[in-house]
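What follows is the residue order along each chain.
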Amino acid sequence: MTEKSDDQFTGQGARRMDAIAKGPFAPIYPTIARQILDTCRIREGRCVDIGCGPGHLAMALAAVSDLAIDALDASTDMLSIARRNLQDAGLIGRVRPVCGDVHNLPYADGSIDLIVSRGSLFFWDDRVRAFSEIARVLRPGGRTFVGGGFGTPALKAEITEKMREIDPEWEVKAAERLSRGNRDLIRRELEQAKIPAYKVFEDEAGFWIIMEK
Ligand code: SAM
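Since we're looking at a predicted model, the values are computed, not measured.

Reading the values: the criteria
- Residues numbered from 1 in each chain as written.
- Predicted model: local features only at pLDDT ≥ 70, side-chain atom pairs only at ≥ 80, totals over all residues.
- Helix = DSSP H or I, 4+ residues; strand = E, 2+ residues; numbered from the N terminus.
- Rg over C-alpha atoms; globule rule 2.2 N^0.38 Å.
- Buried ≥ 20, exposed ≤ 12 C-beta atoms within 10 Å, placed from the backbone.
- Near = placed C-beta within 6 Å.
- Nonpolar A, V, L, I, M, F, W, Y, C, P; charged D, E, K, R; others polar.
- Pairing = 2+ DSSP bridges.
- Axes fitted to C-alpha atoms, helices over the stretch in contact; angles between N-to-C directions.
- pLDDT = per-residue confidence, 0-100.
- UniProt positions renumbered as here; feature names shortened; annotations may be inferred.
- Parallel < 35°, antiparallel > 145°, perpendicular 65-115°, else oblique.
- Left-handed = near helix turned anticlockwise from the far one by under 90°.
- Contact = placed C-beta atoms within 7 Å.
- Expected span 1.5 Å × (residues − 1).

### Quick look at the overall build of the chain
Inference 1: Assigned secondary structure in the chain consists of 8 helices and 7 strands.
Inference 2: Compactness check: the chain gives a C-alpha radius of gyration of 16 Å against a globular reference of 17 Å for 213 residues, within 12% of the reference.
Inference 3: The dimensions of the chain, computed from C-alpha atoms along their principal axes, are 45 × 40 × 30 Å.
Inference 4: Counting only residues that meet the buried cut, the chain has 41% of its 213 residues in that class.

Shown next as structure tokens:
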């Protein structure tokens, strides 16, 4: 995972991510879930949230769709927190926590209708391989909504304000992840992965890869 320090997604790092997701980030998940459904127009079938972390996007998607969702993450600590959040929300059964790595997805070819992922691709070791894996497991007619973002420019501005108090370094790191240079690098990696059909939706609040198969 490229940018990750060893403890960023384990132990206290995982608990910190959950606290941020329940605090300043909370409004972005329902907003992004709506954007996913409006853009991808897939509301039922199998969905995987890759790098689900504490599970908030998967839960928001479950609330507005009939999708059977796998919340997949490489960190067992993140998944323990996600499982607790799912239990608290009464969503165990609708959303299934799965331990897995984007570089070797535990799914058959062409088996998943919708693949979503928020804020995880910045930490993948080999995005070219990850994009190939995602394309492999996508069902013909399936779509992805994979990238990073904060829903709307207004939500991003609110979060930036709150995060300044919580983590003074966060703003610089977030700007780097969504920088022009990083977006261009990710586009080149999509080309290297020979993804046959994709679009990139981007604005100041986010960067999303919509693969179509
Ligand atoms: N998607 C969640 C959200 O938006 O609240 C969590 C985002 S968090 C910044 C990134 C997540 O990606 C972490 O939970 C991390 O464990 C996961 N991750 C990083 N590399 C991964 C990989 N190779 N395979 C699966 N998950 C990975």
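### Side note on the site of the ligand
Inference 1: Every one of the 22 residues lining the ligand counts as a neighbour, but F9, G51, G53, A74 and S120 are closest to it.
Inference 2: Of all the elements in the fold, those that place two or more residues in the shell around the ligand are α1 (11-22) and α3 (56-64).
Inference 3: Looking at the shell around the ligand residue by residue, the classes come out as 12 nonpolar, 7 polar and 3 charged.

### What to know about the sheet that holds strand β1 (residues 46-50)
Inference 1: On the basis of which strands lie adjacent, the open sheet formed by 7 strands has the order β3-β2-β1-β4-β5-β7-β6 and mixed pairing. Strand pairing shows two members of the sheet lacking a second neighbour, β3 (95-99) and β6 (198-203), which therefore form its edges. The average angle at which neighbouring strand axes cross in this sheet is 15°, direction not considered.
Inference 2: Across 5 bridges, the pairing between strand β2 (residues 68-73) and β3 is parallel. Bridge pairing in β3 places A71 opposite P97.

### Focus: the pairing of β6
Inference 1: Where β6 and strand β7 (residues 206-211) come together, 6 bridges link them in antiparallel fashion. Bridging from a neighbouring strand, V200 pairs with I209 of β7.
Inference 2: Counting the residues in the hairpin turn of β6 and β7 gives 2 residues.

### Concerning the confidence of the model for the chain
The predicted coordinates of low-pLDDT regions are not to be read in fine detail.
Inference 1: Mean pLDDT over the chain stands at 95; residues scoring 70 or higher make up 97%.
Inference 2: Interface scoring of the predicted complex returns ipTM 0.99; its pTM is 0.96.

### Observations regarding the UniProt feature "domain: Methyltransferase type" (unreviewed entry) in the chain
Inference 1: In this structure's numbering, the residues bearing the UniProt feature "domain: Methyltransferase type" (unreviewed entry) are residues 48-145.
Inference 2: Annotation note: span residues 48-145, helix share 34%, strand share 30%, distance between end C-alpha atoms 10 Å.

### A short note on the packing of helix α2 (residues 28-40) against α3
Inference 1: Where α2 meets α3, the closest approach of the two axes is 8 Å, and the angle between their N-to-C directions is 60°. If you check the angle between α2 and α3, you find them oblique. Crossing of α2 over α3 shows right-handed handedness. Contacts between α2 and α3 involve Y29, P30, I32, A33, R34, I36 and L37 from the former and H56, L57, A60, L61 and V64 from the latter.

### Things to note about helix α4 (residues 76-88)
Inference 1: Between the first and last C-alpha of α4 there are 18 Å, a value that for 13 residues agrees with the 18 Å anticipated at 1.5 Å per step.
Inference 2: Buried positions along α4 lie against α1, α3, β2 and β3.
Inference 3: Just beyond α4, the residue with positive phi is G90, at close to 70°.

### So, the environment of R46
Inference 1: Looking at the element boundaries, R46 is found in strand β1.
Inference 2: Look at R46 and you get partly exposed, because 18 C-beta atoms sit within 10 Å.
Inference 3: Residues R46 and D101, spaced 55 residues apart in sequence, show a C-alpha to C-alpha distance of 18 Å.
Inference 4: Filtering out sequence-adjacent residues up to four positions away, R46 remains in contact with A68, S111, I112 and D113.

### Examining the environment of R118
Inference 1: Mapped onto the elements, R118 comes out in strand β4 (residues 112-118).
Inference 2: Note on R118: 28 C-beta atoms within 10 Å, which makes it buried.
Inference 3: Through-space distance from the C-alpha of R118 to that of V146 is 6.2 Å; in sequence the pair is 28 residues apart.
Inference 4: Apart from the residues within four sequence positions on either side, R118 is in contact with I32, L57 and G148.

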